[in-house]
Amino acid sequence: MSTKNKITSEEALAYHLDPTPGKYEVVATTAMTTQRDLSLAYSPGVAVPVEAIAENPETAYDYTVKGNMVAVISNGTAILGLGNLGALASKPVMEGKAVLFKRFADVNAIDIELDTEDPEEIIKAVRLMGPSFGGINLEDIKAPECFIIEQRLKEEMDIPVFHDDQHGTAVICAAGLINALHLSGKKIEDCRIVLNGAGAAGIACLELIKAMGARHDSCIMCDTKGVIFQGRTEGMNQWKSAHAAKTGARALEDAMKGADVFLGVSAKGAVTAEMVASMADNPVIFAMANPDPEITPEEAHAVRADAIVATGRSDYPNQVNNVLGFPYLFRGALDIHARAINDEMKIACAEALAKLAREDVPDEVAVAYGQKLSFGRDYIIPTPFDPRLIHVIPPAVARAGMDTGVARRPIIDMEGYEQTLKARMDPTASVLRGISARARAAQARMIFTEGDDERVLRAAVNYQRSGYGKALVVGREADVRLRLEAAGLGDAYRELEVVNAAKTRHLNAYKDFLYKRLQRDGFDMVDSHRLAARDRHVFSALMLAHGHGDGMVTGATRKSAQVMELINHVFDARAEDGAVGVTALLHKGRIVLIADTLVHEWPDEQDLANIAERAAGVARGLGLEPRVAFVSFSTFGYPVSERATKMHLAPLVLDERDVDFEYEGEMAVDVALNVDAMAKYPFSRLSGPANVLVVPARHSASISVKLMQEMAGATVIGPILAGVDKPIQVCSTVSTVNDILNMALLAASKVG
């Protein structure tokens, strides 16, 4: 695995420990503040839905979370590639699966770890908890028990039961295969297919491909003992026997000769270059073993330039990633209150994924991945962060479920359903991914100013090990080493570049630059030397000004006003210079930018117009189309107040500038952000809720941001410093490691 994506044990444990243990929490969706709320939520009010459900069980989907709740269940007998480590050890994986359900398809999920290896006990436990859930996702249960458990639960339960290790891989594999065969000009019914790995995933892949038209006699399955042929007795079971082929081939290398398709869910190195060379023209090779494929794309293409290759890894094209399937399969199944997820629904999912990959890729996806994607040999499967997945795949699954009679509550208005799915999209993750991709492409040398702070050092290590570029840490070597060792990152010392102001050969040049800049502001040569040699913020800014770094992140240990004052010794970053601070608030799937949060104390209408332009640029840098609102306590002149006058005048200033983004004002915050409130003003020029709020003064900006952070739990990125010649980002003194890293990525990607 690439050292650029190295994850240490300490980092992984810290991720699961901070800010609270685990990866998710349960949040109430109804008010629980007054005595009346409690009476409605519990007793006596709760008796009403209880009686309604007892009379008509279907109403459980209306009055409880059942219709959007999935149980992620494991006994830990086949955890990732780690084997049988037990139920408790599987909990981090199952929590992760629950988080993926929520992130990608807005499906609530809760993990349940069952401490038994007895299939009958698992079957009984899951069946008994059926009333609580709208679906069951089985995970990391070893074969052959997983086959027994899933089949029995499907027979005995009236909600979808889906073993993702089997069917998730099969669905994505099928989607990729549809497009690979499309490119190679072949039909599935004419292909000779070889599958290596007769476990849960392999058997499910072959079963689904046969359901799609592959002929039994043209499919050869292999395991560690060779070809599974008719008459073989060694190492067989009923599931393997169902796919035994009538063939004279006895080893994988024999089966591969003349094969059109290879599907691997086995082990690293199982396929040789000679095997690939023996395949038919335009071979399709899905080497899906994790963490390392049966053969790498480089090795396969070295002998067969005409091969179409997919793997299970994110650092190669065509990743077969289960997250493309299970969230959206369950989303569609839950929304029709399905009794099951059948083959037709899985095939519909695969076909919809394949079709999506053949369509033009939105620019936002290209930005997120740092490259233009288009259908072809290196792009046959959509990317996991394609925003269209949520409103394309579930409708296809739902239609198939309705057509095959497993829907309890069919969807009548499919167009309206697609609109509700679009409303479930969370834009925040795609924005952050876009920043990350641009930062990775930039490979910036990032200056981390405060090398005496553990949070900063952790962020610097993360920046470099994640492959974003070179981390330059300003500090004393001995101090940095000690703090890294105390943080459990002692091995990172030799990876980072520590820059000590007292030892740099550039100090004289820095000092001369500073003296020339400040000599008419009351600073003599001694002052300039002291600032350059002893103040790390000034020193870091001087490094950046002289091209000895590409970006700078600071502010973790000093208040932002003090940091800005020091930066201004080197750069023109004052209000009169056009600098602006923009803070991004991420909350419940929405992104709102607030400006100015850093530079302007009390802007006038001209300043406000400048702030709006800068903030719109930041919004576009984040991948958003800006809709700017000048906010006040007054809305379009009522109530009348001279305090609101400048907010009324600022849009008039923009009218004269002929800017290329939407703006409106003055207006109250609820009018700016709430569609229903905005609808009362049909003359408003905004086409939708504002995503950039320009506020009257820095104190109101600060209050707004901190109130949202503390009371609502919003994620805060910023303030993002815009309008300065070089990429400088100033974080707050309460920043977490992740906050500091995000600011470094903003600097690297030159947002602002």
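Refer to the structure printed above.
Residues numbered from 1 in each chain as written. Predicted model: local features only at pLDDT ≥ 70, side-chain atom pairs only at ≥ 80, totals over all residues. Heavy atoms only, no water.

1. Considerations on the pairing of strand E12 (residues 471-474)
Covered by surrounding structure in E12 are Ala-471 and Val-473 together with Leu-472 and Val-474, the residues of both alternating faces. Strand direction decides the pairing type here: strand E11 (residues 446-448) and E12, joined by three bridges, are parallel. Bridging from a neighbouring strand, Phe-448 pairs with Val-473 of E12. A crossover connection joins E11 to the parallel E12 through helix H20 (residues 454-465); in handedness this β-α-β unit is right-handed. In the sheet, E12 pairs with strand E13 (residues 497-499) via three bridges, with the strands oriented parallel. In the strand pairing of E13, Val-474 is matched with Val-499. (Buried < 20%, exposed > 50% of the residue type's maximum accessible area, 1.4 Å probe, protein only. Helix = DSSP H or I, 4+ residues; strand = E, 2+ residues; numbered from the N terminus. Pairing = 2+ DSSP bridges. Right-handed = clockwise from strand over helix to strand, strands pointing away.)

2. A word on the sheet that holds strand E16 (residues 590-595)
Within the open sheet, the six strands sit side by side as E18-E17-E19-E16-E15-E20. Their pairing is mixed. Looking along the sheet, the strands with just one partner apiece sit at the ends: strand E18 (662-667) and strand E20 (715-722). Neighbouring strand axes in the sheet, compared pairwise and without regard to direction, differ in orientation by 20 degrees on average. Bridge count for strand E17 (residues 627-631) against strand E19 (residues 692-694) is three bridges, and the pairing is parallel. (Axes fitted to C-alpha atoms, helices over the stretch in contact; angles between N-to-C directions.)

3. Notes on the side chain of Thr-635
Along the chain, Thr-635 falls in the loop between E17 and helix H27 (642-657). The class for Thr-635 is buried, based on a relative accessible area of 10%. Discounting residues that sit within four places of it in the chain, Thr-635 has contacts with Glu-666, Met-667, Ala-668, Val-671 and Tyr-681. (Contact = heavy atoms within 4.5 Å.)

4. Overview of the nonpolar core
Formed by 99 residues in total, the largest nonpolar core has its most connected members in Ile-136, Ile-193, Leu-263, Phe-286, Met-345 and Leu-353. Ranked by residue count, the leading element in this core is helix H8 (residues 164-184), at nine residues. The residues contacting Leu-263, other than those within four sequence positions of it, are Cys-173, Ile-193, Val-194, Leu-195, Asn-196, Ile-209, Phe-286 and Met-288. Counting residues in each nonpolar core, the second largest holds 66 residues, with Val-498, Val-553, Leu-586 and Ala-619 among its members. (Core = buried A, V, L, I, M, F, W, Y, C linked by side-chain atoms within 4.5 Å.)

5. Examining the sheet that holds strand E8 (residues 261-264)
Strand pairs in the sheet, formed through backbone hydrogen bonds, run parallel or antiparallel to each other. Strand order in the open sheet made by the six strands is E7-E6-E5-E8-E9-E10, with mixed pairing throughout. The sheet is open, and its two edges are formed by strand E7 (226-227) and strand E10 (308-311), each paired on a single side. Of the pairings in the sheet, the one linking strand E6 (residues 219-223) to E7 comprises two bridges and is antiparallel in character. Residue Asp-223 lies in a different strand from E7, and its bridge partner there is Gly-226.

6. Examining the packing of aromatic side chains
A ring pair, where both rings are aromatic, is described by two values, the distance of the centres and the angle of the planes. Evaluated as defined, the whole model comprises eleven aromatic pairs. Ring centres of Phe-101 and Phe-326 lie 4.9 Å apart, and the angle between their planes is 70 degrees; this geometry places the pair in the edge-to-face category. Here Phe-101 is found in helix H5 (residues 91-105), whereas its partner Phe-326 is found in helix H14 (residues 326-335), with 225 residues between them in sequence. Across the pair, Phe-326 and Phe-101 agree in class, each one buried. Aromatic side chains Phe-448 and Tyr-463 sit 5.7 Å apart centroid to centroid with 70 degrees between the ring planes, which places their arrangement in the edge-to-face category. Pair noted here: Phe-448 is in strand E11 and Tyr-463 is in helix H20, with a separation of 15 residues, a long-range link. For the pair shown, Phe-448 and Tyr-463 are each scored as buried. An aromatic cluster of three or more residues is present, and its members are Phe-101, Phe-162, Phe-326 and Phe-330. Geometry around Tyr-493 places Arg-481 over its ring, the cationic atom sitting 4.1 Å from the centre. Against the face of Trp-602 rests Lys-646, its NZ or CZ located 3.2 Å from the ring centre. (Phe/Tyr/Trp six-rings, centres within 6.5 Å; stacked < 30°, edge-to-face > 60°. Lys NZ or Arg CZ within 6 Å of the ring centre and 35° of its normal.)

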